[in-house]
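Here are the chains, one letter per residue:
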Amino acid sequence: MNRHSRLHLPHAPARPGEAPDFSYVQLSPAGAVARPDVNARARDIGSLSLDLVRVLDDAGHAVGPWHPHLDAAELQIGLRHMLLTRLFDDRMQRNQRAGKISFYIRSLGEEAVSVAQCMALRPGDMLFPSYRNQGLQIARGIQLVDLMSQLLSNTHDMCKGRQLPVMYHSKPGNIFSISGNLATQFPQAVGWAMAAAIKGEDHLAASWIGEGSSAEADFHHALLFASVYQAPVILNVVNNQWAISTFQGYAGGEQRSFAARGPGYGIAGIRVDGNDFLAVYAVTQWAAERARTGAGPTLIELVTYRGAAHSTSDDPARYRAKNDYEHWPLGDPIQRLKLHLIGLGEWSEARHQVLTAELEALVASSWKEATSFGTMSEGPRLNADLMFEDVFKEMPEHLQKQRALMREERSRSADSAPPSAAAPSAKTRTDVSVETSTRSEGT
């Protein structure tokens, strides 16, 4: 007797060669979702985890109770941050293809997630990002030169050559170091928030993961601790539909929304249109007020779409329908905010072109400055002595011995090399080390 498997396998709605299909995305009309009080109990607002908070309608008008009523100047700042993020991404993508940097990850289509959320938070709030949140860095005022230098691992690299490209951090900006291990930032953010609560501070923590990372155990550990201790934390799941080549259904999104996992832990869960700047801002502001008033944590699912490849090592044409991003029903975040500002009479296509040219020039000049600190093929180089620092307060004997052996080997290599290929002098290396340490201090 032939037996047929009863195992269910999630499937992507459209594969290469097929027409894009987003009929599976559960939408709500703009302005249709009610805005409950920030102190509402998680058990009483479960519908927020199933509906979709939207403010901007198809014509670019802001409607409904979630309208944050931001002034035009703040909206223009948000537009600038998002546009700069995209232009920075575009230039770094081209640089990687030209062999000028080794690796890059773009955030095409997800710019509102980072920028709007960051603008809705306070400077003292601690951010625990993922590797597609460069908009947080830009919204917090981190200079492009610093981000580019990290990609180059040069003498101005904030990480001193110790991290993969795009794994930024900023102590002045209160942005925690990005980890290549998925979802580790979620329990770290909860722990930081618990510490802030113990100390009686008014700050909160916010963290981001992709929907695929919600399958990691750290996701559930974070939600449990956040629920039990009512930590002042915002936990964001960026549902961009794809975890590299794996469709979001494999992480559980086919059965129920990712936000719906919040109420199961006694945490408020809410779905929001991740390409709607105003909606993302409003929901984040609401969640932040809950956290600061002691109403507990919030799990936010930001429904968006990864418009580009997962990284420069990925080819989405092998697993997704062609031109799928052009058919995404929630549109493009930059275009939608631009349309809204034009409708308000506070923007125009001409002003947009001027801003684009200004930001493109900023990206170009920043790259020129960043390469002055070293490139992948030309010096100056990081001092190798740096690998022994910043681990122990006082360097242990075994590391001192290893460093001495390395210096001896470098000295012998320099003595045996022809004059034209001689290594930099000790003074030059020391200068680079001091310069790097000074610039990295406090980051």
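Counting from 1, residues in each chain are numbered in the order their sequence is written. Reporting of local features is limited, given that this is a predicted model, to residues whose pLDDT is at least 70; pairs of side-chain atoms are given and counted only at 80 or more, and all residues count toward the totals for whole chains, interfaces and linings. Side-chain numbers come from the whole structure's heavy atoms, not from hydrogens or water.

Draft legend 1. A look at the overall build of the chain. On a plain count of helices and strands, the chain comes out with twelve helices and seven strands. The principal-axis extents of the C-alpha atoms in the chain amount to approximately 75 × 65 × 50 Å. Put simply, the chain has 443 residues, and 51% of those count as buried. Neither His nor the chain ends contribute to the count of charged residues, in which Lys and Arg are positive and Asp and Glu negative. A single reference atom marks each charge: NZ on Lys, CZ on Arg, CG on Asp, CD on Glu. Mean positive and mean negative side-chain charge positions of the chain (44 and 48 charges, respectively) differ by 4 Å. Numbering goes from the N terminus for both helices and strands, where a helix is a DSSP run of H or I of at least four residues and a strand is a run of E of at least two. Throughout this description, buried means an accessible area under 20% of the type-specific maximum (1.4 Å probe, protein chains only), exposed means over 50%, and partly exposed covers the range between.

Draft legend 2. Main features of the packing of helix α1 (residues 72-97) against helix α8 (residues 277-292). Interaxial angle, 0 to 180 degrees, is taken between N-to-C directions of lines fitted to C-alpha atoms, where a helix line uses only the stretch in contact. Packing of α1 against α8 brings their axes to within 12 Å, and their N-to-C directions diverge by 105°. For the element pair α1 / α8, the angle class is roughly perpendicular. Contacts from E74, L75, G78 and M82 of α1 reach α8 at F277, L278 and Y281. Residues are grouped as follows: Ala, Val, Leu, Ile, Met, Phe, Trp, Tyr, Cys and Pro are nonpolar; Asp, Glu, Lys and Arg are charged; all remaining types, including Gly, are polar. Of the residues belonging to the contact of α1 with α8, the class tally is five nonpolar, one polar and one charged. Angular relationships are summarised with four words: roughly parallel below 35 degrees, roughly antiparallel beyond 145, roughly perpendicular across 65 to 115, and oblique for the angles in between. Two residues qualify as a contact provided that any one of their heavy atoms is within 4.5 Å of a heavy atom in the partner residue.

Draft legend 3. Local environment of the sheet that holds strand β7 (residues 298-303). Spatial ordering of the open sheet is given by β1-β2-β3-β7-β6, a layout of five strands whose pairing is parallel. Two strands in the sheet have a free side with no partner beyond their single neighbour: β1 (126-128) and β6 (268-273). The sheet shows a mean angle of 20° between the axes of neighbouring strands, taken without regard to direction. Paired strands, as defined in this entry, are two strands with at least two bridges between them according to DSSP. Note that β6 and β7 share six bridges and pair parallel. Counterpart to G269 in the pairing with β7 is L299. Along the sheet, helix α2 (residues 111-120) makes contact with β1, β2 (205-210), β3 (233-239) and β7, crossing β7 at roughly 140°. Each of β2, β3 and β7 touches helix α6 (residues 217-229); the most contacted strand, β3, lies at about 150° to it.

Draft legend 4. Quick peek at the packing of aromatic side chains. Only the six-membered ring of Trp is used, alongside the rings of Phe and Tyr, when aromatic pairs are assigned; centres must lie within 6.5 Å, and planes under 30 degrees apart are stacked while those over 60 apart are edge-to-face, with the rest tilted. In total, this model carries 13 aromatic pairs according to the counting rule given. Ring plane angle 25° and centroid distance 5.9 Å describe the contact between F186 and F219, whose orientation is recorded as stacked. Pair noted here: F186 is in helix α5 (residues 185-198) and F219 is in helix α6, with a separation of 33 residues, a long-range link. Comparing F186 with F219 shows no difference in burial state: the two are buried. Pairing F225 with Y229 gives two aromatic rings, centres 6.0 Å apart and planes at 35°, and the pair type is tilted.

Draft legend 5. Quick look at the nonpolar core. Nonpolar core, defined: a set of buried Ala, Val, Leu, Ile, Met, Phe, Trp, Tyr and Cys residues in which side-chain atoms within 4.5 Å join the residues together. Residues W66, F88, Y168, F277 and W286 are the most contacted members of the largest nonpolar core, which totals 78 residues. Examining the composition of this core, we find that eleven residues originate from one element, α8, more than from any other. Counting 21 residues, the second largest nonpolar core, distinct from the first, contains V190, I209, A222 and A226.

Draft legend 6. Molecular detail of α8. Taking 1.5 Å per residue, 16 residues should reach 22 Å; α8 reaches 22 Å between its end C-alpha atoms and fits that length. Most of α8 is tucked away: 13 of the 16 residues are buried. One side-chain oxygen of the residue at the start of α8 lies 3.1 Å from the amide nitrogen of L278, identifying that residue as D276. Remark: G294 follows α8 within two positions and exhibits a positive phi of approximately 85°. Expected span of a helix, by definition, is 1.5 Å for each gap between consecutive residues, and there is one gap fewer than residues. The term polar contact refers here to a pair of N or O atoms within 3.5 Å; inside protein, the definition further demands a hydrogen-donor-capable atom paired with an acceptor-capable atom, and it admits residues adjacent in sequence only when both atoms are side-chain atoms.

Draft legend 7. Region of the structure containing α5. The end-to-end C-alpha distance of α5 is 20 Å, a good match for the 20 Å that 14 residues give at a rise of 1.5 Å each. Among all positions in α5, only Q185, F186, A189, V190, A193 and A196 are buried. One side of α5 holds all its buried residues, which, seen down the axis, span an arc of 140°. Check the buried side of α5 and you find it contacts β1, β2, α6 and β3. One or two positions beyond α5, positive phi appears at G200, with a value near 75°. An arc is given here, and it is the one of the directions from the helix axis to the C-beta atoms.

Draft legend 8. Broad picture of the side chain of R54. Of note, R54 is situated in the segment before α1. Polar contacts involving the side chain of R54 include one to the main-chain carbonyl oxygen of S28, which spans 3.0 Å.

Draft legend 9. Summary view of unusual backbone geometry. Along the chain, G379 connects to P380 via a cis peptide bond; the corresponding omega equals 5°. With respect to the helices and strands, the residue P380 is situated in the loop between α10 (349-371) and α11 (397-416). With a phi close to 55°, N174 is a non-glycine residue in the positive phi region. One non-glycine residue with positive phi stands out, namely I244, at about 55°. Relative to the assigned elements, I244 resides in the loop between β4 (242-243) and β5 (246-247). Residue class for I244 comes out partly exposed when judged on its relative accessible area of 40%.

Draft legend 10. Focus on the environment of S5. Mapped onto the elements of the fold, S5 is located in the segment before α1. For S5, a relative accessible area of 64% translates into the label exposed. Taking the C-alpha atoms as reference points, S5 and R412, separated by 407 residues in sequence, lie 67 Å from one another. A distance of 3.1 Å separates a polar side-chain atom of S5 from the backbone nitrogen of L7.

Draft legend 11. Up close: the packing of α2 against α8. Put simply, α2 and α8 touch, their axes get as near as 8 Å, and they point 45° apart. Classed by the angle they form, the pair α2 and α8 counts as oblique. When the axes of α2 and α8 are compared, the crossing they make is right-handed. Taken together, the residues of α8 that come into contact with α2 (itself represented by A112, V113, V115, A116, Q117, M119 and A120) are F277, V280, Y281, T284 and Q285. Here the residues of the contact of α2 with α8 sort into nine nonpolar, three polar and no charged. Here a crossing is taken to be left-handed if its near helix is turned anticlockwise relative to the far helix by less than a right angle, and right-handed if that turn runs clockwise.

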